[in-house]
Amino acid sequence: MNKKSEPDQTANRLFFDIPESKQEKKRRLRKILLAERDALSLAERRALEDTLCQKISSLPCFLSASMLLLYDPIGSEANLLSLAKIAETRGVPVGFPVCRSNPKGLIFRQADAQTVFEPGAFGIPVPPESARELTPDENAVCLLPALGYDQTLARLGYGGGYYDRFSVHFPGKKIGVCAERFLCDTVFAEPHDLSVDLLVTEKRILTAK
């Protein structure tokens, strides 16, 4: 992909001198990053996912995780489900997110290869209500979906705020993933926006300072 389509080179530059609120800038950046991500070829996406999974599976926090909190990819999100298989072979429980509206928040229910998912909020498949709700501890690892990150490891999500609320009380390691080209100069983070502890791209692993 050439420089013309790299968000870290051009997307942020579109916003610096425009008199808009952070919310408006974030909305526009989301559209740009989503379009860029959707434009990745299947081969590019598979290569990225393979590299991300290899890097994550060798992280010390993953190797010692008490549980893995994952997500079922929607659209062009990175598919990291092979990590669930690795965790399951080690006897580590794997949980998937369930969005609750009242009160607004996020919980994780355990699932395995035999679990039959059911429709959830926003059309996202979720484990059934009969599945066990997982209670994270300090050794839990959570992998988060996102559109992009910046150099401070601030996350640009989809605007619902579910992971931001979840992170306030999450005691474990939060791991973000994205292609290097989606590492932006800024994602216009606000005080309530989530930052991750580690960010994994196909080229490097960044740690929060």
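Heads up: the structure comes first, above all this text.
Residues numbered from 1 in each chain as written. Predicted model: local features only at pLDDT ≥ 70, side-chain atom pairs only at ≥ 80, totals over all residues. Heavy atoms only, no water.

Scanning the model with the defined rule gives four aromatic pairs in all. For the pair F96 and F117, a centre-to-centre distance of 5.3 Å together with 80° between the ring planes defines the contact as edge-to-face. One end of the pair, F96, is in strand β2 (residues 94–101); the other, F117, is in the loop between β3 (104–110) and β4 (118–119), and 21 residues separate them in sequence. Take F96: its relative accessible area is 7%, and that puts it in the buried class. Consider the rings of F108 and F166, whose centres lie 5.1 Å apart with planes at 55°: the pair is tilted. Within this pair, whereas F108 is found in strand β3, its partner F166 is found in helix α6 (residues 162–168), the two being separated by 58 residues in sequence. In this structure F108 comes out as buried when scored by relative accessible area, which is 2%. Taken together, the ring pairs in this structure connect F108, Y163, F166 and F170 into an aromatic cluster. (Phe/Tyr/Trp six-rings, centres within 6.5 Å; stacked < 30°, edge-to-face > 60°. Helix = DSSP H or I, 4+ residues; strand = E, 2+ residues; numbered from the N terminus. Buried < 20%, exposed > 50% of the residue type's maximum accessible area, 1.4 Å probe, protein only.)

Time to look at the layout of surface pockets. Space inside the largest pocket adds up to approximately 710 Å³. For the largest pocket, the lining is made up of 35 residues, of which R155, Y158, G159, G160 and Y162 are closest to its centre. For the lining of the largest pocket, the secondary structure elements donating two or more residues are α2 (22–38), β2, β8 (155–156) and α6. The element that contributes the greatest number of residues to the lining of the largest pocket is α2, accounting for six residues. Residues that form the lining of the largest pocket fall into these classes: 18 nonpolar, seven polar and ten charged. Of the volumes computed, that of the second largest pocket is approximately 190 Å³. Contributing to the lining of the second largest pocket are D72, L81, A84, K85, E88, V94, F96, A111, D112, A113 and F117. (1 Å grid on protein atoms, 1.4 Å probe; cavity = no way out; pocket = protein on both sides within 12 Å on 5 of 7 lines; lining within 4 Å. Points joined across faces, edges and corners; volume = space filled by probe spheres on them. Nonpolar A, V, L, I, M, F, W, Y, C, P; charged D, E, K, R; others polar.)

Scanning the model with the defined rule gives zero disulfides in all. Take C61: it sits in no disulfide, and the sulfur closest to it among the cysteines is that of C142, at 11 Å. You can call C61 buried: its relative accessible area is 14%. In this structure C99 is not part of a disulfide, and its nearest cysteine sulfur, from C142, lies 12 Å away. (Disulfide = S-S within 2.5 Å.)

For the rest of this paragraph, the subject is the nonpolar core. Formed by 58 residues in total, the largest nonpolar core has its most connected members in I56, L68 and L80. Here this core takes five residues from strand β6 (residues 140–144), the largest share from any one element. Every residue in contact with I56, bar those within four places of it in the chain, is listed here: F62, L80, L83, L143, V177 and V200. (Core = buried A, V, L, I, M, F, W, Y, C linked by side-chain atoms within 4.5 Å. Contact = heavy atoms within 4.5 Å.)

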